Amino acid sequence: MAQDDPRTLVSTDWLAAHIKDPDLRILDASWYLPAEGRDPKAEYEAGHIPGARFFDIDEISDHRSDLPHMVPPVEKFMSRLRAMGVGDGHQVVIYDGAGLFSAARVWWLFKLMGQNDVAVLDGGLPKWQAEGRAVEDLPPVIRDRHMTVRRQNQMVKDVTQVSSVSKLGGACIVDARAADRFRGEAPEPREGMRSGHIPNSRNVPFSTLLNSDKTMKSPDELRAVFEAAGVDLSKPAITTCGSGVTAAVLCLAMERFGKTDYALYDGSWTEWGAFPTVPIATGEA
């Protein structure tokens, strides 16, 4: 079992012990690829961890962009969280219905907005339910709470910045997609995408960071996975994936073993793979 840290990852035992704390706020941040045919909001309404609010990754995003679930404007993030009753002085715990998948994206988003008292539930809702713990279908009682946001701009990168790093170095680009997609051997789930990876990036499929029960591996094991993939941990890291969701699992893993100089490429392959003027690579890194 991973060591509990209310700023990165907490166990189901930790959450059960703290679930009645007055300043705890639980968020269900479930999100699924369209091909999975799952409705995360409907699943939340049918049953969720007691007191949880639903965080809609697609709605709480920048709708001015054609790309999916890009980082929302600060004002939108603040207003949506206030409406959920989440704000200053709260300890936030985020989970998802896959185990450990999309919750890390919302953890990273909170970090980007300058919030530190936020953790992912290790193993998520599947582990919580497998242990016979309570779920409910009741809406939470909401009380407004102001949130002070201090956006950490260094934690997010755009296509121009990533293109420069790909050409000139200075940071290590780490791709969380499955190995066959990274190598360009499997089609992308979104139409119109070229196959392959950003030149000079390394591949750490997010699934290699998880145990069979979808809990996260120990910090030492996590570091070893990155090193085995050829990631130079002495350099800053930029994480990427299909659309900026599982890239955050890599960020969470790095934070767990003490590496904090990371950023996330928000457009990820949805942007890069459709951008006609940037190069792609195929095969092994």
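### Observations concerning the layout of surface pockets
- One number sums up the size of the largest pocket: a volume of about 330 Å³.
- I19, L24, P50, G51 and R53 are, among the 15 residues lining the largest pocket, the residues nearest its centre.
- Among the residues making up the lining of the largest pocket, the classes are represented as eight nonpolar, one polar and six charged.
- The calculated volume of the second largest pocket comes to roughly 260 Å³.
- L33, F101, R181, F206 and T246 are, among the 18 residues lining the second largest pocket, the residues nearest its centre.
- Among the residues forming the lining of the second largest pocket, the class breakdown is 10 nonpolar, four polar and four charged.

### Some words on the pattern of salt bridges
- A complete count under the given rule lists 19 salt bridges for this structure.
- When the shortest N-O distance is used, the salt bridge between D23 and R145 registers 3.1 Å. Taken together, the residues D23 in the loop between α1 (12-18) and β2 (24-28) and R145 in the loop between α5 (124-130) and β6 (156-157) connect sequence positions 122 residues apart.
- Here D23 falls in the partly exposed class, since its relative accessible area comes to 35%.
- In this structure, R105 and D266 form a salt bridge, with 2.9 Å as the shortest nitrogen-oxygen distance. With R105 in helix α4 (residues 103-112) and D266 in the loop between β10 (262-265) and α10 (268-272), the pair connects residues that are 161 residues apart, well separated along the chain.

### As for the side chain of S268
- Within the secondary structure, S268 is located in helix α10.
- When residues no more than four places from it in sequence are discounted, the contact partners of S268 are T240, C241, G242, S243 and G244.

### Here we look at the packing of aromatic side chains
- Summed over the entire model, instances satisfying the criterion amount to seven aromatic pairs.
- Aromatic pair F77 and F110: ring centres 5.3 Å apart, planes at 80 degrees, arrangement edge-to-face. A residue pair is termed long-range when its members are at least 10 positions apart, and F77 in helix α3 (residues 74-83) and F110 in helix α4 qualify at 33 residues. Here F77 and F110 have matching classes, each one buried.
- A network of ring pairs unites the aromatic residues W31, F101 and F206 as a single cluster.
- Here the guanidinium or amino end of R38 rests over the ring plane of Y32, the centre of that ring lying 4.0 Å away.

### Structural notes on the nonpolar core
- The biggest cluster of nonpolar side chains holds 57 residues, and the ones touching the most others in it are F55, F77, I94, W108, F110 and F226.
- Where this core is concerned, the elements lending two or more residues are α3, β4 (91-95), α4, β5 (118-121), β7 (172-175), α8 (219-228), α9 (247-256) and β10.
- Discounting residues that sit within four places of it in the chain, F110 has contacts with L27, F55, F77, L81, V86, V92, I94, Q115, V118 and M147.
- Judged by nonpolar contacts, the second largest core, of 15 residues, contains L24, V93, A119 and L125.

### Quick word on the environment of L252
- Turning to its location among the elements, L252 is positioned in helix α9.
- When the C-alpha positions of L252 and Y262 are compared, they lie 9.8 Å apart, and in sequence the two are 10 residues distant.
- When residues no more than four places from it in sequence are discounted, the contact partners of L252 are T8, L9, L100, A104, W107, V120 and M216.

### Comments concerning the sheet that holds β2
- Here we have five strands laid out as an open sheet, ordered β1-β5-β4-β2-β3, and parallel in their pairing. A strand with exactly one partner marks an edge of an open sheet, and here the two such strands are β1 (9-10) and β3 (53-54).
- The pairing of β2 with β4 spans five bridges and is classified as parallel. Bridge assignment links I26 to a residue of β4, and that residue is V93.
- Each of β2, β4 and β5 touches α4; the most contacted strand, β5, lies at about 175 degrees to it.

### Description of the sheet that holds β7
- The five strands lie next to each other as β6-β10-β9-β7-β8, forming an open sheet whose pairing is parallel. At either end of the open sheet lies a strand with only one pairing partner, and these are β6 and β8 (201-203).
- Running over the sheet, α4 touches β6 and β10 and is turned about 115 degrees from β10.

### Focus: the packing of α4 against α9
- It is at 8 Å that the axes of α4 and α9 come closest, and there the two elements cross at 65 degrees. With respect to α9, the axis of α4 lies roughly perpendicular. The handedness of the crossing between α4 and α9 is left-handed. Contacts between α4 and α9 involve A104, R105, W107, W108 and K111 from the former and A248, V249, C251, L252 and E255 from the latter.
- Across the contact of α4 with α9, the residue classes break down as seven nonpolar, no polar and three charged.

Calculation criteria
- Per chain, residues are indexed from 1 in the order of the written sequence.
- The predicted origin of the model limits local features to residues at a pLDDT of at least 70 and limits the giving and counting of side-chain atom pairs to 80 or more, whereas totals for whole chains, interfaces and linings rest on all residues.
- As a rule here, side-chain values come from all non-hydrogen atoms in the structure, and water together with hydrogens is ignored.
- Using only the protein atoms, space was sampled on a 1 Å grid; points where a 1.4 Å probe fits but cannot get out form cavities, open sets with protein on both sides within 12 Å along at least five of seven lines form pockets, and lining residues are those with an atom within 4 Å of a point.
- Grid points are joined across faces, edges and corners, and a volume is the space filled by probe spheres set on the points.
- Lys, Arg, Asp and Glu make up the charged group, whereas Ala, Val, Leu, Ile, Met, Phe, Trp, Tyr, Cys and Pro make up the nonpolar group; the residues left over, Gly among them, are polar.
- A pairing counts as a salt bridge when a side-chain nitrogen of Lys or Arg comes within 4 Å of a carboxyl oxygen of Asp or Glu.
- Note on conventions: DSSP H or I runs of at least 4 residues are helices, E runs of at least 2 residues are strands, and numbering of each starts at the N terminus.
- For every residue, the accessible area (1.4 Å probe, protein chains only) is compared with the maximum for its type, and the residue is labelled buried under 20%, exposed over 50%, or partly exposed between those bounds.
- The contact criterion used is simple: two residues touch if any of their non-hydrogen atoms lie within 4.5 Å.
- What counts as a ring pair is set by centres within 6.5 Å for rings of Phe, Tyr and Trp (its six-membered ring), and what kind of pair is set by the plane angle: stacked under 30 degrees, edge-to-face over 60, tilted for all other angles.
- Consider the ring centre and the ring normal. A charge sits over the ring if Lys NZ or Arg CZ is within 6 Å of that centre and within 35 degrees of that normal.
- The term nonpolar core refers to a set of buried residues drawn from Ala, Val, Leu, Ile, Met, Phe, Trp, Tyr and Cys, joined through side-chain atoms within 4.5 Å.
- Strand pairing is assigned whenever DSSP detects at least two bridges linking the two strands.
- Working convention: axes come from line fits to C-alpha atoms, limited for helices to the stretch in contact. Angles between N-to-C directions cover 0 to 180 degrees.
- Just so you know how the angles are binned, under 35 degrees is roughly parallel, over 145 roughly antiparallel, 65 to 115 roughly perpendicular, and the rest oblique.
- Here a crossing is called left-handed whenever its near helix is offset anticlockwise from the far helix by less than a right angle, and right-handed whenever the offset is clockwise.

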